[in-house]
Amino acid sequence: PRPGVTAEQALAGLHDAREALLATLRDADGLDLTQVRATHPVFGDIDAYEWIVSVAQHEARHLRQIVRIGGALAGAGA
């Protein structure tokens, strides 16, 4: 999150972004998303399916970070 954003604001923003993505995926059901392309800053020109995988992997990475930090805090008695 940006500096000055509260935890509640960050979580609300994450929730809104997730809901928007899920709505977009529902609306795209049955469409050929290989034809929807955009430039990713790291991976270059990718299609919508590749973007979806990228988002999922990004979320999984953050989940692993949260679990690791939670474990470290639990071990520290926090």
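Scroll up a little and you will see the structure.
Before going into details, it helps to say that this report is about the structure given with it.

How each quantity is defined
Residues numbered from 1 in each chain as written. Predicted model: local features only at pLDDT ≥ 70, side-chain atom pairs only at ≥ 80, totals over all residues. Heavy atoms only, no water. Helix = DSSP H or I, 4+ residues; strand = E, 2+ residues; numbered from the N terminus. Buried < 20%, exposed > 50% of the residue type's maximum accessible area, 1.4 Å probe, protein only. Lys, Arg positive; Asp, Glu negative; His and termini not counted. Salt bridge = Lys/Arg side-chain N within 4 Å of Asp/Glu carboxyl O. Polar contact = N/O pair within 3.5 Å; in protein donor to acceptor, adjacent residues only side chain to side chain. Contact = heavy atoms within 4.5 Å. Pairing = 2+ DSSP bridges.

Below, the discussion takes up the side chain of D47. Along the chain, D47 falls in strand β2 (residues 44-47). One buried charged residue, D47, remains without a salt bridge, the closest side chain of opposite sign being R37 at 4.1 Å. A distance of 2.9 Å separates the side chain of D47 from the backbone nitrogen of Y49, its partner in a polar contact. Non-local contacts of D47, meaning those with residues more than four positions away in its chain, are made with L33, T34, V36 and R37.

Next up on the list: the pairing of strand β1 (residues 37-40). The sheet contact formed by β1 and β2 spans 4 bridges and is antiparallel. From the neighbouring strand, R37 faces β2, where its bridge partner is D47. Between the end of β1 and the start of β2, which pair antiparallel, lie 3 residues.

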